[in-house]
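The lines below spell out each chain.
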Number of protein chains: 2
Amino acid sequence: MFSKSCEYAIKAMIFVAQKSKDEARVSLKEIAKGTDAPEHFIAKIMQELGRKRLVQSIKGPNGGFYMTEKNLQTSITDIVKAIDGDKLYLDCVLGLKACSEVNPCPVHFEYKEIKRNLIKMMDTNTIGKFNEKLDSGSFFLKNL
Amino acid sequence: MFSKSCEYAIKAMIFVAQKSKDEARVSLKEIAKGTDAPEHFIAKIMQELGRKRLVQSIKGPNGGFYMTEKNLQTSITDIVKAIDGDKLYLDCVLGLKACSEVNPCPVHFEYKEIKRNLIKMMDTNTIGKFNEKLDSGSFFLKNL
DNA sequence: AAATTAAAAGAGTTTTTTATCTTTTTATAA
DNA sequence: TTATAAAAAGATAAAAAACTCTTTTAATTT
Ligand code: SF4
Ligand code: SF4
């Protein structure tokens, strides 16, 4: 569904949110370790997320990544669109061209409902909410 | 969600089912044209589907691909598993390790329901049903 | 039986994705 | 104000996916 880069991005965003309370910085090394991603690969991804202002970064000694209140409002959708683009939102599984509401393929209405739910989930689940649920202790992220 | 190969496979299966009533054969060229896929690429895919007996093939003059009654009972799931394997069914979107019902991540229950619906759709929609709906005229496959 | 047709099989090539390595820039601290 | 720490940027490299070309095998038709 998502590219590997995108999976890492989601994990990294959650990881930074978890580790960086009160603007404490999280280093690339920690992120790489915490998300089980290759260090230089996750570096590229963090750069992209940083460029798109989904996360804050500071160079130099004691530098690293952290999140603002606004960053915590980032949804899964925001991350996916930043890394994989919006093809997941625009395209259909079947990859058919020229189909529409008036000319639907046999699975259109079933599929549409599933997709609607999926997108709703990705739109409404923000990093911040994710974080709160984790903090509450009823949810977990083993081997994040 | 699916690989390109898998999308072609689904389209090709539907195309063959539509074109080959009463064991009439459909040639690779026709399939390539009908599915908008590169001829030699779809050839490989048809070979694989043939090897796994999801479609029948006959060589030589007047040869080509066709479907038996049993082939028409092939579900989307069968095609996906034949081409992409079952990672879509086993893995989670988030790609987290070591998560479970007792240690669920914050989106687990929401996601589980969506996945259940998606798999149900793929399990229950067979090429034959797809075909019937198309024949009935209330559904379409423009630019299949 | 020979010629022909069409898929199967095998062997590339190209493109995209994933991953790694090196150099540069920026901020901090001594 | 120099040394250092850490991210940004740039350049490769490896692996996987998508696509192409060539040869072989198996039917069919003449
Ligand atoms: S009709 Fe709907 S479900 Fe079918 S291919 Fe088009 S967008 Fe997808
Ligand atoms: S807990 Fe459930 S939803 Fe979350 S990563 Fe694991 S399988 Fe996926």
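**Student:** Even after reading the chapter, I still don't get unusual backbone geometry, so can you show me in this structure?
**Tutor:** Generally, phi is negative for residues other than glycine and the peptide bonds are trans, each holding for most cases. Notably, A:R53 is not glycine yet its phi reads approximately 60°, a positive angle. Structurally, A:R53 can be placed in the loop between helix 3 (39–51) and strand 1 (56–58). Judged by relative accessible area, A:R53 falls into the exposed class, the value being 59%. With phi around 60°, B:E23 is a residue other than glycine that occupies positive phi space. Here B:E23 lies in the loop between helix 1 (4–19) and helix 2 (28–35). The partly exposed category is assigned to B:E23, whose relative accessible area is 45%.

**Student:** Can you walk me through the protein's contact with DNA strand D in this structure?
**Tutor:** Every one of the 26 residues lining DNA strand D counts as a neighbour, but A:L28, A:K44, A:S57, A:G60 and B:P38 are closest to it. Across the atoms of DNA strand D situated within 4 Å of the protein, the share located in sugar and phosphate is 56%. With respect to DNA strand D, the backbone of A:L28 contributes an N or O atom lying 2.9 Å from a phosphate oxygen. Measuring from a phosphate oxygen of DNA strand D, one finds a side-chain N or O atom of B:Y8 at 3.4 Å. Classifying every residue of the surface near DNA strand D gives nine nonpolar, 11 polar and six charged.

**Student:** In this structure, what is going on with the packing of aromatic side chains? I would like to understand it.
**Tutor:** Where two aromatic rings form a pair, the distance of their centres and the angle of their planes describe that pair. Residues and elements named next belong to chain A. Inspection of the entire model under this criterion finds two aromatic pairs over all chains. With a centroid separation of 5.8 Å and 85° between ring planes, the pair formed by Y8 and F41 is classed as edge-to-face. Here the residue Y8 occupies a position in helix 1 (residues 4–19), and F41 occupies one in helix 3, the gap between them amounting to 33 residues. For K81, the ring lying beneath its charged end belongs to Y89, and the centroid distance is 4.8 Å.

**Student:** Hey, could you run me through the protein's contact with DNA strand C in this one?
**Tutor:** As a matter of local geometry, DNA strand C sits amid 25 residues, with A:P38, A:F41, B:L28, B:K44 and B:S57 nearest to it. Here B:L28 contributes a backbone N or O atom positioned 2.8 Å from a phosphate oxygen of DNA strand C. In terms of residue class, the surface near DNA strand C is made up of eight nonpolar, 11 polar and six charged.

**Student:** Help me understand the side chain of A:S75, please; the structure alone is not making it clear to me.
**Tutor:** Assignment of secondary structure puts A:S75 in the loop between helix 4 (69–72) and helix 5 (76–84). Discounting residues that sit within four places of it in the chain, A:S75 has contacts with A:M122, A:D123, A:N125 and A:T126.

**Student:** Hey, could you run me through the pattern of salt bridges in this one?
**Tutor:** If you walk through the whole model with that rule in mind, you get eight salt bridges over all chains. Between B:E113 and B:R116 there is a salt bridge, and its shortest N-O distance comes to 2.9 Å. Linking B:E113 with B:R116, this pair stays in helix 7 (residues 108–124), spanning three residues, or about one helical turn. On the accessibility criterion, B:E113 (40% relative accessible area) is partly exposed. Judged by its relative accessible area of 46%, B:R116 is partly exposed. The network of salt bridges with shared partners includes A:E48, A:R51 and A:K52.

**Student:** Explain the nonpolar core to me, please; I cannot follow it from the model alone.
**Tutor:** Considering soluble globular proteins, one finds that nonpolar side chains tend to be buried as a cluster. Core analysis: the biggest nonpolar cluster contains 78 residues, and A:I31, A:I42, A:M46, A:L49, B:I31 and B:M46 have the highest contact counts within it. With near-sequence residues (within four places) excluded, B:M46 lies in contact with B:A12, B:V16, B:L28, B:I31, B:V55 and B:F65.

The rules behind the values
Residues numbered from 1 in each chain as written. Chains lettered and ligands numbered in written order. Predicted model: local features only at pLDDT ≥ 70, side-chain atom pairs only at ≥ 80, totals over all residues. Heavy atoms only, no water. Helix = DSSP H or I, 4+ residues; strand = E, 2+ residues; numbered from the N terminus. Buried < 20%, exposed > 50% of the residue type's maximum accessible area, 1.4 Å probe, protein only. Near = heavy atom within 4 Å. Polar contact = N/O pair within 3.5 Å; in protein donor to acceptor, adjacent residues only side chain to side chain. Nonpolar A, V, L, I, M, F, W, Y, C, P; charged D, E, K, R; others polar. Phe/Tyr/Trp six-rings, centres within 6.5 Å; stacked < 30°, edge-to-face > 60°. Lys NZ or Arg CZ within 6 Å of the ring centre and 35° of its normal. Contact = heavy atoms within 4.5 Å. Salt bridge = Lys/Arg side-chain N within 4 Å of Asp/Glu carboxyl O. Core = buried A, V, L, I, M, F, W, Y, C linked by side-chain atoms within 4.5 Å.

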